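Close look at the chain arrangement
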Amino acid sequence: MTERVTILGATGSIGQSTAEVLQQHRDRFAVEAVVAGSDAVGLAAMARRLGARYAALADPSKLSALRRELAGDGIACGAGTSAVAEAVARDADTVIAAICGVAGLAPTHAALKPGRRIALANKESLVCAGRAFMRDAQRIGATILPMDSEHNALAQALGSGDLGDVVTMTLTASGGPFRTWEASRIAAATPAQTAKHPTYSMGAKINVDSASLMNKGLELIEAHHLFGLRPDQLDVVVHPQSIIHGLVHWRDGAVTAGMANPDMKIPIANCLATGRRLGLTVPRLDLAAIGALTFEPPDEARFPCLRLAREALATGGAMSAVLNGANEVAVAAFLAGRIGFLDIPRIVEETCTRSGVTSGSEPGSIEEALALDDDARRIAAGFLPEASAPAMAGF
Ligand code: NAD
Ligand code: MG
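Structurally, the α-helix is built with 3.6 residues per turn, so residues lying three or four positions apart point the same way. Taking 1.5 Å of rise per residue, 16 residues should cover 22 Å, and helix α17 (residues 366–381) covers 22 Å from first to last C-alpha, within 8% of that figure. For α17, every residue scored as buried is listed here: I366, A369, L372, D373, A376, R377, A380 and A381. The buried residues of α17 all sit within an arc of 165° when viewed along its axis, so they share a single face. Contacts from the buried residues of α17 go to α5 (105–110), α6 (123–140), α15 (317–335) and α16 (343–355).

Our next topic: the site of ligand 1. With respect to spatial proximity, 24 residues lie near ligand 1, and among them T11, S13, G37, E124 and G203 are the closest. Contact between ligand 1 and T11: an oxygen atom at 2.7 Å from a side-chain N or O atom of the residue. E124 places a side-chain nitrogen or oxygen 2.7 Å from an oxygen atom of ligand 1. Secondary structure elements with two or more residues in the shell around ligand 1: α1 (13–23) and α6.

Turning next to the coordination of the magnesium ion (ligand 2). A metal bound by six donors in octahedral fashion has ideal angles of 90 or 180 degrees, whereas one bound by four tetrahedral donors has an ideal angle of 109.5 degrees. The protein atoms donating to the magnesium ion (ligand 2) are D148 (OD), E150 (OE) and E219 (OE), with metal-donor distances spanning 2.1 to 2.2 Å. Each donor residue of the magnesium ion (ligand 2) lies on the same chain, and together they follow the pattern D-x1-E-x68-E. With E150 in helix α7 (residues 149–158) and E219 in helix α11 (residues 214–227), this pair connects stretches of sequence that are 69 residues apart. Given a relative accessible area of 1%, E219 falls into the buried group.

Turning our attention to the domain arrangement of the protein chain. Domain assignment breaks the protein chain into domain 1 (3–147), domain 2 (151–263 + 283–290) and domain 3 (305–381). Listed as interface residues are 24 residues of domain 2 and, on the opposing side, 17 residues of domain 3. Counting the surface lost from both domain 2 and domain 3, the interface buries some 1,800 Å², and carbon and sulfur atoms represent 83% of this. Considering only the surface of domain 2 that becomes buried against domain 3, V208, M214 and I221 emerge as the three largest contributors, covering 29% of it. If you look at where domain 2 meets domain 3, you find 0 salt bridges. At the junction of domain 2 with domain 3, the criterion picks out 1 residue pair in polar contact (both at pLDDT 80 or more). Looking at the side of domain 2 that touches domain 3, the elements that each hand over two or more residues are α8 (183–187), α9 (191–194), α10 (204–212) and α11. When its residues are assigned to classes, the side of domain 2 that touches domain 3 shows 16 nonpolar, 5 polar and 3 charged.

The rules behind the values
- Residues numbered from 1 in each chain as written.
- Chains lettered and ligands numbered in written order.
- Predicted model: local features only at pLDDT ≥ 70, side-chain atom pairs only at ≥ 80, totals over all residues.
- Heavy atoms only, no water.
- Helix = DSSP H or I, 4+ residues; strand = E, 2+ residues; numbered from the N terminus.
- Expected span 1.5 Å × (residues − 1).
- Buried < 20%, exposed > 50% of the residue type's maximum accessible area, 1.4 Å probe, protein only.
- Arc of directions from axis to C-beta.
- Contact = heavy atoms within 4.5 Å.
- Near = heavy atom within 4 Å.
- Polar contact = N/O pair within 3.5 Å; in protein donor to acceptor, adjacent residues only side chain to side chain.
- Donors = N, O, S within 2.8 Å, 3.2 Å for Na, K, Ca; no water.
- Domains from an automatic or database assignment.
- Buried area = accessible area lost by both parts, 1.4 Å probe.
- Salt bridge = Lys/Arg side-chain N within 4 Å of Asp/Glu carboxyl O.
- Nonpolar A, V, L, I, M, F, W, Y, C, P; charged D, E, K, R; others polar.

Here it is in structure tokens:
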């Protein structure tokens, strides 16, 4: 039977990898809707490539461009918030949640439907509103499947084991492109240098987060919500080869690891499979060719974003939302050449301090989380040079 799939963030790095997996299994999957931010040409191409029935752009000003691109293709389309809502409401068994940043929170939350599977790449949804999001998913009866490689590996390493028998979980980090750099060189890092990730090819924002180790910090918060473990049960080890993605430490001393070549198609295929695994034409893991797997502790002095995220996790969900909003503003300013690389942790830390958020405070709803995000963006924008209007969640 054909399974219907909708892709949020279809033109991005995860969207492209998802398309590759789906194209290897055309007989099994049909694409219902594809959603992107503002790239009409890219979305139209993706809609045609996957034979989608509906294409939606978040940016309402791109409606005529999208209509022009899709003219004669028989694919319905729309633009703006209501069009994105229409895309997530259409009938689909699985929704791939791969919008970048907190912009993904509302559409991903709206995609929660009884019996539906949400393959979650958009970690910022959980960082900003994890407790409310997971509570609503459970209440509605939607299944959240972790697509982030570390969390997908952890879910596989957990298998049918009992979470009560887990002592800790370890997430691995590649260490990013600046892993071996001295602090002075990191301070002068440019956006182009963050794009040289050692093991993955990804979108611009996650590239910066990987270079600063904020990505790993966000992933600790994501793991806390996905697996329900306490902050002290989650840790990070740097593993530059990115072959082991996650480790589960059991109470009897056994450790199970999730391993694979660093290729997002592998966790994507794992999320798309129901029951038996999907076949995938990817190179086999060849440990003898790799030779050595190495590990080192993360250096929070050179990479303070990891410490800031751990502190936010310990403080509570409201602080995580503030951390995430401030980071998005700072990363956008860094990518625009307005601030230096180490201004990112500085702005995030000052925003967290200024926010007035207290320990244990949790957003009770998506709206409350988005209000915290708004506040954080306003505070963070005040730390930018020539601060004008607060930076908005971008397309
Ligand atoms: P990307 O920048 O390559 O793509 C982002 C996608 O989101 C694009 O299709 C863009 O058009 C769309 N988008 C942006 N703003 C939007 C809006 N307001 N409304 C609707 N669509 C919007 O990002 P990516 O690297 O594919 O990452 C996507 C998400 O997956 C992020 O949350 C990231 O942390 C997570 N993730 C990515 C990877 C990876 O390897 N790229 C791995 C793990 C997790
Ligand atoms: Mg990851």
